[in-house]
Structures are given as structure tokens and as C-alpha cells.
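Read off the chains here:
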Amino acid sequence: MRRFFSLLLSAAMLLSLCLSASAAEVHPATIDQSRTGSLTVYKYDLTAAESDGLTDSVYLSTGQENPEAAAAFAPYAIPGVEFTYLRVGGIETHTVSDGSGSQVQVIYGVEDDNLLSALGLTEEDRAATQGGVDYFTSDTLIDALSEKLTSNNTSTKDKLEALIEENSNAVAMPLTDSTGKTSADGLELGLYLVVETSVPENVTYTVDPFLVSVPMTDTEELDHWFYDVTVYPKNRTGNPTLDKEVSDGDHGLSFSDAEAGYEDVATVSGNDRMNYRILSTLPSIHSTATYLTQYDFVDTLSKGITYNQNDVKICWYQDRSVAELDYTVATGSTGGENGAAADVTWSYGSEYFTVSYGNGEDGATTMAVRLTEEGLVQVNTPVSDASQEGRFSGWTMVIYYSATLRPDEAVTYGDAGNPNDVTLTWSRTTDGYYDTLSDEAKVYSYGLDLTKVLDEGGTAFSEVQFTLENRSDETGFFYLTADEAEDGVYYVTGGTDNAEEATYFSPDAQGKLLIYGLEEDLYELVEVKTASGYTLLKDPISILLSTDYTANQPCGSLTASAAVDGNDVEMTGQGESAHAMVPLTVLNHRGFDLPKTGGTGTLVTTVCGALLLSGMAALAVVLVRNRWKHS
């Protein structure tokens with residue numbers, strides 16, 4: 001008997017364990033209307049992930065948390081994204097009975113007529129109407145949203161973004177954090193529309209708006225509903241581009257190794273006009289959430305360069321390659337032209353952008369070019385309802401302006417160059433998220449360091465004069481003109497074809513002559529006047545200024561070299577700048593002596609001549625007397 005009760009107890013315990021295990025596996029197969037739900041969103045950068053070989057196709061989206069996917073995409077989290085949700089209706093069971101039987105199905109209510117219109121749903125699409133609310137099957141809703149996003153993605157996104165932002169019942173979730181996560185809990189059960197309503201500046205394509213049911217059926221076990229929904233949407237990202245370039249606006253060349261036109265560096269002479277351009281290809285704009293809210297440029301010129309104010313224009317190009325080639329090169333007789341092939345041009349004074357000038361550090365000057373609200377509307381708004389993107393989405397904008405190299409000591413001469421940088425600040429949101437890009441161009445100029453020497457200790461340097469001629473086929477033949485800042489120090493201001501208008505350069509009292517503001521070119525120095533008793537040079541002095549280009553980021557650099565009459569010379573530095581000046585010594589020797597007026601030989605001749613004249617006079621007297629005598 002005791003053994004029997006023991007066996008019975010063991011069987012009871014085993015049955016209890018089996019029943020407990022069986023109970024643990026049983027899930028409620030119907031929705032518990034007393035519960036609430038939650039929505040969690042993790043936002044990732046698909047562009048960056050794919051560039052590293054990771055795709056989201058290996059991770060099935062089920063609505064449930066996926067730690068494996070979260071770990072894989074964690075390095076690509078996008079912070080600063082805003083999602084907004086709107087409960088559009090409830091979830092109901094709908095039963096229809098007729099003579100042949102009954103049909104039972106789950107249907108979803110859509111309470112907003114604007115949403116029905118945006119999805120293109122009509123009375124014929126609804127499954128039922130209850131309490132004045134239209135209800136639809138999930139198939140109908142899924143197909144309607146997909147068809148609209150496929151046929152016109154941008155227009156559909158814009159309509160749904162506008163709808164959800166204008167609905168007072170819509171709720172904006174917190175911005176995604178550094179892990180790309182945002183969430184909302186305590187949600188009433190029902191059907192929700194979720195729209196990405198704000199993105200940081202590097203997002204080019206917003207996530208398509210999506211419908212989500214809270215709760216959802218477990219798509220793996222298929223036997224219960226779950227109430228905490230997690231989704232992993234991903235964005236395409238991209239950034240605009242920024243390039244700053246310069247060319248010699250008077251002569252067209254940048255430097256010897258470059259093709260004619262714009263480059264990141266250039267050499268120019270004093271007072272030369274430099275043409276600048278800033279090229280920026282815009283990011284993609286595919287819905288209101290990706291609209292640009294800021295697109296501002298701040299340009300800075302170093303202290304040796306001055307803006308030619310109010311000559312700014314903005315040109316738009318659908319094809320960047322057209323933008324890059326849209327200029328004509330300046331020559332000695334004609335100036336270059338920019339923007340002739342632009343698709344759209346905004347001139348200075350346009351309502352679409354503003355220009356302001358200011359002062360930077362260390363004597364630098366600044367220019368700010370900002371797109372106005374009207375300009376941003378032009379950029380963001382599609383050209384028609386059928387368009388999939390903003391008008392200037394992916395277009396290249398080019399800002400053209402000019403500046404002048406100052407003919408004074410403010411310029412940095414030599415290999416250090418005169419840096420000119422630009423910064424682009426751009427944003428897609430108004431929540432303080434923005435990004436910046438920077439680029440740089442440099443302008444180089446050089447000088448001549450001449451020492452005049454007179455043989456036998458001569459010091460009459462003020463009598464000496466030189467002219468300096470440009471002798472390059474590319475830039476033309478002309479005399480240089482310059483301003484004399486002090487004795488023996490000159491700054492080039494331009495050129496002239498008229499020799500009488502040329503500057504005649506004279507050394508200071510010590511024989512030193514400094515000429516600043518020479519670009520890379522071929523020159524001839526001609527000594528047109530020397531000191532008394534000294535001989536002029538027989539030929540002009542040939543001076544060749546050359547440069548070697550080194551590519552770099554964000555800007556390349558030039559290293560100068562020089563040759564005098566075909567012989568290489570080592571250029572000297574100035575301050576912290578190397579290879580700034582071409583050194584040259586011009587030595588004059590004395591002329592050959594000639595007999596001097598008042599010397600011994602001349603005195604003997606004078607005396608002899610006087611004696612001869614006296615004898616002739618006496619003879620004349622004798623002849624006259626004899627004549628009177630015979631008469």
C-alpha cells in the first residue's frame with residue numbers, strides 16, 4: 001500500500017510538471033484589449049553599411065527586436081532623426097454572413113479622410129463601415145501605400161508628411177540618440193502611420209512612410225500577438241561637394257603645369273584681377289523632410305587680396321561636367337567669361353541670395369553668400385507634382401566672383417602663398433543639426449631682389465634706371481608699371497604697351513632695388529640709364545620664373561624656381577616663405593677715357609693757332625700798305 005501511494009504521488013507530480021510546461025507554451029491567440037503597446041525605432045546608415053559590405057537583406061524584418069541585426073548595424077547609427085506617428089484607426093474583427101456561410105477577417109479603420117485621399121482609397125476599396133469609420137483589409141492598405149510610393153515617391157512622402165504634421169493627434173518621437181534609437185510606449189492599440197519628419201543634413205532619402213499594427217502577429221511562431229514593436233529602417237546618406245578654384249583673370253593661366261582655366265592654385269602679378277569660383281554639387285532632395293533649411297558659404301581672403309565687391313553671381317548646372325568647363329580664358333586683349341552655359345543664373349541683387357562683406361583675423365576679409373528662404377524654396381520645390389525630387393536636387397551650383405592682388409606689403413611673397421578658404425554650412429533640419437565642408441585655393445606671387453654695383457666704388461645709384469618687360473607669348477608683351485613705396489621698393493600695379501608710360505625703376509642710395517608682385521612668367525630687365533662714366537649693359541637680362549605643382553588636400557602648392565640668362569639661380573626667402581625673390585646683381589664698369597678738354601696737347605694747338613693768326617694779320621697789313629703805295 002505504501003508503495004502504491006508513492007507511485008501515485010510521483011505520477012501526480014509528473015502530471016503537474018507536464019501541465020505546467022504545456023501551460024507555459026500556450027499564448028493568448030486573441031488581442032488583449034486591456035493592454036497598451038510600444039514602438040521602438042533604430043535608425044541606420046545603409047549607404048555606409050553597404051560600402052563596408054553589409055546589407056540588410058540578410059536580416060528579416062519581423063517587428064520584433066533583433067539583437068543580431070542591432071549589433072551588426074550599430075556602427076552605422078544615425079542620430080538626430082525624428083519620426084512622428086499617428087493612430088489612424090482601430091483593429092476590428094469583421095464577420096459577414098450570407099446564405100452560403102460566414103466570412104470572418106481582421107480589418108483596420110482609417111479615420112482621416114486626408115489619408116484616404118493620399119492613399120487613393122475609395123468606397124469600393126473598403127471592407128466595412130462601422131460607426132462612420134471606413135475599414136480596410138491589410139492587403140488593401142499595403143497595396144495602396146506601395147502603389148503611391150512607387151508611382152510618385154516624392155509627392156506621396158510630401159503629402160503624408162504634411163498630413164501628419166498638420167494633425168493635432170500626431171506625436172513626434174524624441175530624436176534618435178547616438179545609437180540611432182527612439183521609442184514611444186503606452187500606445188493605444190490600433191493601426192499607426194509612421195513618417196520620418198526630420199533628418200540630419202547627410203540623409204538624402206528619407207524612409208518611406210509605413211503602417212504598423214500595434215499589436216502584431218508573431219510571424220515566426222504564428223500563434224500569438226506581441227505588443228512591443230521594433231523596426232529597423234535605414235536611410236541612404238550623402239553629402240554635397242565643395243571646391244574652390246582660381247584663375248588669373250587678366251592672363252588666363254594658373255601656372256605653367258596647368259591647362260588654361262581654373263585650378264586650386266595660381267600665380268598672379270600685383271593688381272591683377274583673379275577670377276574665383278566655388279563649385280558645390282547639392283545632395284539629393286526627395287521629400288519635405290530632406291529639404292535644405294540652410295546652405296551658406298563663408299569665403300575668406302588673406303590680407304593681401306581684396307574683394308571686387310558686388311560682382312557675385314550664382315549659376316546652376318544640371319550636369320557638373322558642363323559647370324567645370326563653362327568659362328573662356330582671358331587673353332591680353334579680352335577678359336574671360338563665366339557662366340555662359342548655365343541652365344539657370346541668379347545675378348547679384350537677386351532675391352534668392354544675399355552677399356555681405358566683413359573682416360576676419362590678421363587683416364583677412366570675408367564674404368558671406370547665403371541662400372534666402374526664397375532661394376531655398378527654389379532649390380527644394382519640385383518643378384511639378386510629377387517630379388520625384390527638388391528642382392536643384394543633385395545639381396551643381398557655381399558662385400563666381402573676383403578679387404585683386406594688392407600691390408603692397410600685405411601680400412605674402414613666395415612658397416607660403418596667400419590662402420583663400422571657403423566653408424559651406426548646410427542643414428536639413430531646424431533642430432540645431434548641421435554639417436560643414438571646407439576647401440581652399442592659394443595665390444602665389446614673387447619678386448626681384450636686385451643689387452646694383454658700380455665699379456671702383458661708384459655710388460651714383462640714383463642715376464640708374466631699369467625697365468621690366470613681360471615677354472611671354474601667353475600673357476603678351478608689355479612694360480610693367482609699379483608704385484614706389486619708398487626709395488628702391490616697388491609694387492607692380494599693371495602693364496602698358498607705351499614705353500613712355502612704363503615705370504623706370506631706380507635703386508636706393510645703397511644700390512638695392514626690390515620689385516614685388518611678379519607672377520610666373522618670362523621677363524626682360526633692361527638697363528636704360530646708368531651712372532655718369534659707366535657703361536650700360538649690352539643686352540637685356542632674361543629672367544624666367546617657373547613653378548612646380550604638388551597636389552595635396554585640400555589645396556595643392558607651388559614651389560618656385562628661377563633662371564637668369566638661362567642659368568639657374570637659388571631664390572631667396574622672405575619671412576617664413578621660401579623661394580620668394582629672384583636675386584640678381586648688376587655690375588657696371590667704367591667707360592674708356594678720351595682726351596679731356598684743357599689738356600697739354602690742346603694748349604699747344606691753341607698757341608700755334610694764335611701765332612699763325614698773328615702772322616696772317618701782319619701780312620695783311622703789309623699787303624694793304626704796299627697797295628696804297630703803288631697807287
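The present account deals with the structure reproduced in this document. Fair warning: this is a prediction, and the values are worked out from it, not measured in the lab. (Residues numbered from 1 in each chain as written. Predicted model: local features only at pLDDT ≥ 70, side-chain atom pairs only at ≥ 80, totals over all residues. Heavy atoms only, no water.)

**Considerations on the packing of helix α5 (residues 138-151) against helix α6 (residues 153-166)**
- α6 packs onto α5 with a crossing angle of 125° between their chain directions and a minimal axis gap of 5 Å. On the basis of their axis angle, the class for α5 and α6 is oblique. Where α5 approaches α6, its residues Leu145, Lys148, Leu149 and Ser151 are matched on the opposing element by Asn153, Thr156, Lys157 and Leu160.
- Of the residues belonging to the contact of α5 with α6, the class tally is three nonpolar, three polar and two charged. (Axes fitted to C-alpha atoms, helices over the stretch in contact; angles between N-to-C directions. Helix = DSSP H or I, 4+ residues; strand = E, 2+ residues; numbered from the N terminus. Parallel < 35°, antiparallel > 145°, perpendicular 65-115°, else oblique. Contact = heavy atoms within 4.5 Å. Nonpolar A, V, L, I, M, F, W, Y, C, P; charged D, E, K, R; others polar.)

**Concerning the side chain of glutamate 520**
- Topologically, glutamate 520 is positioned in the loop between β35 (512-518) and β36 (522-529).
- Reaching out from glutamate 520, the side chain makes a polar contact with the backbone nitrogen of threonine 547 at a distance of 2.9 Å.
- The contact partners of glutamate 520, leaving out residues within four places of it in the chain, are Phe255, Ser256, Thr267, Leu545, Ser546 and Thr547. (Polar contact = N/O pair within 3.5 Å; in protein donor to acceptor, adjacent residues only side chain to side chain.)

**Looking at the sheet that holds strand β3 (residues 82-89)**
- If you walk across this open sheet you meet the four strands as β8-β3-β10-β12, and the pairing is antiparallel. Each edge of the open sheet is held by one strand with a lone partner, namely β8 (171-172) and β12 (210-214).
- Relative to strand β10 (residues 190-198), β3 runs antiparallel, the two being bridged by seven bridges. Directly across from phenylalanine 83, in β10, lies its bridge partner glutamate 196. (Pairing = 2+ DSSP bridges.)

**Some thoughts on unusual backbone geometry**
- Geometrically, the link from valine 214 to proline 215 is a cis peptide bond, its omega value of 10° lying close to zero.
- Checked against the element boundaries, proline 215 lands in the loop between β12 and β13 (216-217).
- Proline 554 follows glutamine 553 through a cis peptide bond whose omega is 0°.
- Looking at where proline 554 falls in the secondary structure, it is placed in the loop between β37 (541-550) and β38 (557-564).
- One non-glycine residue, asparagine 271, lies in positive phi territory at about 70°.

**Here's the deal with the packing of aromatic side chains**
- This structure, assessed with the given rule, holds 18 aromatic pairs.
- Here tyrosine 490 and phenylalanine 505 contribute two aromatic rings whose centre-to-centre distance is 4.9 Å and whose plane-to-plane angle is 75°, an arrangement assigned as edge-to-face. Taken together, the residues tyrosine 490 in strand β34 (residues 489-496) and phenylalanine 505 in the loop between β34 and β35 connect sequence positions 15 residues apart. You'll find tyrosine 490 and phenylalanine 505 in the same group, each marked buried.
- Taken together, the ring pairs connect Trp316, Trp346, Tyr352, Phe392 and Trp395 into an aromatic cluster.
- For arginine 35, the ring lying beneath its charged end belongs to tyrosine 227, and the centroid distance is 3.9 Å.
- Sitting over the face of the ring of phenylalanine 477, arginine 471 holds its NZ or CZ atom 4.2 Å from the ring centroid. (Phe/Tyr/Trp six-rings, centres within 6.5 Å; stacked < 30°, edge-to-face > 60°. Buried < 20%, exposed > 50% of the residue type's maximum accessible area, 1.4 Å probe, protein only. Lys NZ or Arg CZ within 6 Å of the ring centre and 35° of its normal.)

**Digging into the sheet that holds strand β1 (residues 37-42)**
- The strand order β9-β1-β15 describes an open sheet built from three strands, whose pairing is mixed. Because the sheet does not close on itself, it has two edges, and the strands there are β9 (181-187) and β15 (228-231). Neighbouring strand axes in the sheet, compared pairwise and without regard to direction, differ in orientation by 10° on average.
- Bridging between β1 and β15 involves four bridges; their strand directions are parallel.

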